[in-house]
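Here is how the chains run, residue by residue.
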Amino acid sequence: MALLWLPNSDSGAPSAHDYSEVMKVEVDAGSCHGHQMCAIAAPEIFGSDELGNAVVLIIDEIPQHLVAKVRRAEANCPERAVVIKEY
């Protein structure tokens, strides 16, 4: 996981808001078998195509409040088709 520390102007010690993380997510279409475990874990982020395979609904950066759901979706994919990209 890539974390960037940004100095806190008050005390110099990092706080929860001093870390920033950019996350994007993809589905490896060749690996996905349509179990939809990702959509169960994170319905705001994953949907399905006409064949029932997973698709990502958020193409841009994943909002911070959904990061934990993306990680849960990745962990629950039996085919390991959920690919997290962090910058």
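All values reported here derive from a predicted model rather than from experimental measurement.

1. Concerning the pattern of salt bridges
It is possible for side chains of opposite charge to pair when their charged atoms get near one another. Applying the stated rule across the entire model yields two salt bridges. As a salt-bridge pair, Glu44 and Lys69 come within 2.6 Å of each other at their nearest N and O atoms. In this pair, Glu44 sits in the loop between helix H1 (37-41) and strand S4 (46-48) while Lys69 sits in helix H2 (residues 67-76), placing the two residues 25 residues apart along the sequence. Classification of Glu44 by relative accessible area gives partly exposed; the value is 36%.

2. A short note on the pairing of strand S3 (residues 23-27)
Residue alternation in S3 divides its side chains into a buried set, Met23, Val25 and Val27, and an unburied set, Lys24 and Glu26. The sheet contact formed by S3 and strand S6 (residues 82-86) spans five bridges and is antiparallel. Across the sheet, the residue bridging to Met23 is Glu86, located in S6.

Each value, and the rule that gives it
Residues numbered from 1 in each chain as written. Predicted model: local features only at pLDDT ≥ 70, side-chain atom pairs only at ≥ 80, totals over all residues. Heavy atoms only, no water. Salt bridge = Lys/Arg side-chain N within 4 Å of Asp/Glu carboxyl O. Helix = DSSP H or I, 4+ residues; strand = E, 2+ residues; numbered from the N terminus. Buried < 20%, exposed > 50% of the residue type's maximum accessible area, 1.4 Å probe, protein only. Pairing = 2+ DSSP bridges.

By themselves, these observations are geometric and do not establish any function.
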